[in-house]
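Structural overview
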Amino acid sequence: MYEALLKKDSEFEGIFFAGIKTTGIFCRPTCTARKPKKENVEYFPSIKTALHNGYRPCKVCHPLKLNGEFPNWINNLLNEIDQNQNIKLRDYDLRTKGIDPARIRRWFKKHYGMTFQSYLRLLRINSAFGRIKQGEKVVESAYELGYESLSGFTESFKKSTGFSPSKSKQNNIISITRILTPLGPMLAGATDEGICLLEFVDRRMLETQIKRLKKLLNAEFVPGTNKYFDVLAIQLKEYFDEKRKQFYVPLQLPGTEFQVKVWEELMKIPSGSTRSYKEQAIALNNPKAVRAVARANGDNRIAIIIPCHRVIGSDGKLVGYGGGVWRKQYLLNLENRN
Ligand SMILES: [Zn+2]
């Protein structure tokens, strides 16, 4: 694949996309931009996986426009998004542009395997946090030296988050990293106190959770390292390898008294078993609060470790899960086997 990339081999169009680690951009094999060193490339079979792994589409080769001719309406829209990768386009905005939201949803589903809104969401997350990887030297050393030295990175980070380096001294820092799992990449956040965020990157609530955490902890998110990330990554791997049932890593759970109670009760559900929302409410001595329990469940910011996936409908149906019901099914199957 690296050879194909160097040769700009069009035979490989659509076969793979190249993620350039140093820039956080993903390209088609035929891209005319300067080619990266071999060790700085990773390969993805689809646009979706490249996005899930933190990459943004290249503005030179436009990976999204892979399959030749595009109708004008989608072409113009993609160009507009190129100009501002933090853009939010609600149904209303689309209609103002004369675009039918249902039509674009179908287009994105068909061509890229995701909805238009999840594409925009991933783009925003990726431009805020870049292609962050634990232990990456450039971020690590810059992190130690202070934010000023991160010039390029700081600039883009500031643009997307409103983070200002001069303010950093009054604010707390939530380090953020990406951890790969068999169910897709997850975003993890941690302070000196513990892990405060663990969520699948394509989860709809992720942006909201990030905003809430910023406020609750009066903190800024900065890609980087944290003492708890290693142990978290190791324990997650053991969990997915069916070698671990319980997690031992400090958690930081800012929230209302009720939310914290619900989350703590969730951690009492043993691996391999499930409860209904009603049973959870009874366990909390609050049998009438089924709906509030369900809501607090949905507000859980630490997927898998706080096992909100172990709560199912009273009829045994899996009902909703922030990360998608297919993930819930996978986790429950895994825990049942283990
Ligand atoms: Zn490119």
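Every value quoted in this text rests on a predicted model; they were computed, and no experiment measured them. Throughout, a residue's number is its position along its own chain's written sequence, starting from 1. Residue-level local features of this predicted model are given only where pLDDT is at least 70; pairs of side-chain atoms are given and counted only at 80 or more, and the full residue set underlies all totals for whole chains, interfaces and linings. Here the side-chain values reflect all heavy atoms present in the structure, with hydrogen atoms and water set aside.

Overview of unusual backbone geometry
Excluding glycine, residues mostly carry a negative phi; peptide bonds, for their part, are mostly trans. The backbone phi angle of E242 is positive, close to 65°, even though this residue is not glycine. Within the fold, E242 resides in the loop between helix 10 (227-240) and helix 11 (257-266). With relative accessibility at 29%, the residue E242 sits in the partly exposed group. Phi is positive for I304, which is not a glycine, with a value near 65°. Tracing the backbone shows I304 in the loop between helix 13 (290-298) and strand 10 (311-312). Numbering of helices and strands runs from the N terminus; a helix is a DSSP stretch of H or I covering at least four residues, while a strand is a stretch of E covering at least two. Only protein chains enter the accessibility calculation, which uses a 1.4 Å probe. A residue is then buried if its area is under 20% of the maximum for its type, exposed if over 50%, and partly exposed in between.

Comments concerning the pairing of strand 7 (residues 195-200)
Within strand 7, six of the six residues are buried, which leaves it mostly tucked inside the rest of the structure. Strands were regarded as paired on the criterion that DSSP finds at least two bridges between them. Note: strand 6 (residues 186-190) against strand 7, five bridges, orientation antiparallel. Across the sheet, the residue bridging to A190 is I195, located in strand 7.

So, the coordination of the zinc ion
Those protein atoms acting as donors to the zinc ion are C27 (SG), C31 (SG), C58 (SG) and C61 (SG), and they sit at 2.2 to 2.4 Å. Any N, O or S atom lying within 2.8 Å of the metal counts as a donor, with the limit raised to 3.2 Å for Na, K and Ca; because water is left out of the atom set, some sites can appear incomplete. In short, tetrahedral needs four donors with all angles between 85 and 135 degrees, square planar needs four and octahedral six donors with opposite donors over 155 degrees apart and all other angles between 65 and 115, and whatever is left is irregular. Around the zinc ion sit four donor atoms; with metal-centred angles ranging over 104 to 120°, the donor geometry is tetrahedral. If you list the donors of the zinc ion from N- to C-terminus, the spacing comes out as C-x3-C-x26-C-x2-C. Residue C27 is found in strand 2 (residues 25-27), and its partner C58 is found in the loop between strand 4 (56-57) and helix 3 (72-83); the two are separated by 31 residues along the sequence. A single burial state applies to C27 and to C58, both of which are buried.

Considerations on the pattern of salt bridges
By convention in these notes, a salt bridge is any Lys or Arg side-chain nitrogen within 4 Å of a carboxyl oxygen on Asp or Glu. In this structure the tally under the stated criterion is 16 salt bridges. Two residues, E13 and R28, come together in a salt bridge whose shortest N-O distance is 2.7 Å. Linking E13 in the loop between helix 1 (2-7) and strand 1 (17-20) with R28 in the loop between strand 2 and strand 3 (41-44), this pair joins segments that are 15 residues apart in sequence. Take R28: its relative accessible area is 14%, and that puts it in the buried class. Between E265 and R275 there is a salt bridge whose closest N-O contact spans 3.1 Å. In this pair, E265 sits in helix 11 while R275 sits in strand 9 (residues 275-276), placing the two residues ten residues apart along the sequence. By the burial criterion, E265 is buried, and R275 matches it.

Examining the sheet that holds strand 3
Strands sit in the order 3-1-2-4 across an open sheet of four strands; the sheet is mixed. Of all strands in the sheet, those with a lone pairing partner are strand 3 and strand 4, marking the two edges. Of the pairings in the sheet, the one linking strand 2 to strand 4 comprises two bridges and is parallel in character. If you follow I25 over to strand 4, its bridge partner there is R56.

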